[in-house]
Amino acid sequence: MREAELRQQMVEIGRRLCDGGLVGATEGNISCRLENGTILCTPTGLSKGRMRPEDLAIISLSGEVLSRSRPSTEIRLHLKCMQVRPDCHAVIHAHPTLATGLSVAGKSIPTGLLPEADIVLGPVINIPFARPGTDAVPEAIQPFLPNHKTFLLSHHGAFTLGVSLEDAFHRMETLERVAAIYLAALQFGGPTALPPTEREWLASYAHGDLNGNGDPTRDVE
């Protein structure tokens, strides 16, 4: 996509994050790679539901601000993802209520419960708490980036990687829905895992690879 199209898409996804209750106030950050290797990202201090295309910021992969708009200090998280993962073209950090609640409780979402969870999310890991907006955040996530694409940040929300903005958004939306199903199962006496043979089949998808997400044979509807 051209930059103008990506700007419009980022604004739309910011609105969808707000409408879906995945962020509130000025929470959350969105980023994506541009064709020239720079990073388009959401600005600091602005509701994700009230952004305009011209409000978005541009930075280099090393973190140099290249626009009037300034990114959030949380951009360090996004940059680390893209520096470590060449296959990652978009990152979304949000505060989904139920998924964040799991992180506060020190829990995550088990694999082998739902096909869409394993295929879309892969193994979900709860990253130990790091002070937001500091270098401690990229340092905390770095060891887990190569093998995961969906992350809980302890006491701090979640972030997802994607081959596109839409891909990263779908993963965040799926994370919150799966968290709701998991919590509902706990209320009904606890979840039961899929049969071992089905878990083995799902294990081939339960990894951090972002390639092939557009393959219709992997879609679960």
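Before going into details, it helps to say that this report is about the structure given with it. (Residues numbered from 1 in each chain as written. Predicted model: local features only at pLDDT ≥ 70, side-chain atom pairs only at ≥ 80, totals over all residues. Heavy atoms only, no water.)

A short note on the overall build of the protein chain
- Within the protein chain, the regular secondary structure consists of seven helices and seven strands.
- In sequence order, the secondary structure elements of the protein chain are arranged as α-β-β-β-α-β-α-α-β-α-β-β-α-α.
- Whereas a compact globule of 221 residues would reach a radius of gyration of roughly 17 Å, the protein chain reaches 17 Å, a difference of no more than 12%.
- Principal axes of the C-alpha set define a box for the protein chain whose edges measure 55 × 35 × 30 Å.
- Across the 221 residues that make up the protein chain, the buried fraction comes to 50%. (Helix = DSSP H or I, 4+ residues; strand = E, 2+ residues; numbered from the N terminus. Rg over C-alpha atoms; globule rule 2.2 N^0.38 Å. Buried < 20%, exposed > 50% of the residue type's maximum accessible area, 1.4 Å probe, protein only.)

Structural notes on the pattern of salt bridges
- This structure, assessed with the given rule, holds eleven salt bridges.
- In this structure, the salt-bridge partner of Arg 171 is Asp 167, at a minimum N-O distance of 3.4 Å. Linking Arg 171 with Asp 167, this pair stays in helix H6 (residues 165–187), spanning four residues, or about one helical turn. (Salt bridge = Lys/Arg side-chain N within 4 Å of Asp/Glu carboxyl O.)

A short note on the nonpolar core
- In this structure, Leu 17, Leu 40, Ile 92, Leu 165, Met 172 and Leu 175 are the most contacted members of the largest nonpolar core, which totals 35 residues.
- Of all the secondary-structure elements, those providing two or more residues to this core are helix H1 (3–19), strand S1 (29–33), strand S4 (90–94), helix H3 (97–104), helix H4 (115–121) and H6.
- A total of eight residues in this core trace back to one element, the largest contributor, which is H6.
- In this structure Leu 40 touches Leu 6, Arg 7, Met 10, Ile 30, Ser 31, Cys 32, Leu 34, Leu 56, Ala 57 and Ile 58, once residues within four positions along its chain are discounted. (Core = buried A, V, L, I, M, F, W, Y, C linked by side-chain atoms within 4.5 Å. Contact = heavy atoms within 4.5 Å.)

Some points on the pairing of S1
- The buried count for S1 comes to five of five residues, which makes it a mostly enclosed element.
- Going residue by residue along S1, you find Asn 29, Ser 31 and Arg 33 tucked away on one face and Ile 30 and Cys 32 tucked away on the opposite face as well.
- With four bridges connecting them, S1 and S4 associate as antiparallel partners. For Ile 30, the partnering residue across the bridge sits in S4 and is Ile 92.
- Here S1 runs beside strand S2 (residues 39–41); their pairing, made up of three bridges, is antiparallel. Residue pairing in the sheet places Arg 33 in a bridge with Ile 39 of S2.
- Between S1 and S2, which pair antiparallel and follow one another directly, the connecting turn spans five residues, one of which, Gly 37, has a positive phi of 95°. (Pairing = 2+ DSSP bridges.)

Describing unusual backbone geometry
- Despite not being glycine, Ala 25 has its phi angle at roughly 50°, a positive value.
- Looking at the element boundaries, Ala 25 is found in the loop between H1 and S1.
- Within the chain, His 155 stands out as a residue other than glycine whose phi angle is a positive 60°.
- Note that His 155 resides in the loop between strand S6 (150–153) and strand S7 (157–162).

Quick look at the packing of aromatic side chains
- Summed over all chains, the structure comprises one aromatic pair.
- For the pair Phe 151 and Phe 159, a centre-to-centre distance of 4.3 Å together with 0° between the ring planes defines the contact as stacked.
- Assessed through its relative accessible area of 0%, Phe 151 is described here as buried. (Phe/Tyr/Trp six-rings, centres within 6.5 Å; stacked < 30°, edge-to-face > 60°.)

Focus: the sheet that holds strand S5 (residues 125–127)
- Pairing in this open sheet of seven strands is mixed, and the strands run S3-S2-S1-S4-S7-S6-S5 from one edge to the other. Because the sheet does not close on itself, it has two edges, and the strands there are strand S3 (57–59) and S5. Ignoring which end each strand starts from, the neighbouring axes of this sheet average 20° apart.
- As judged from the five bridges shared by S4 and S7, these two strands associate in the antiparallel manner. (Axes fitted to C-alpha atoms, helices over the stretch in contact; angles between N-to-C directions.)

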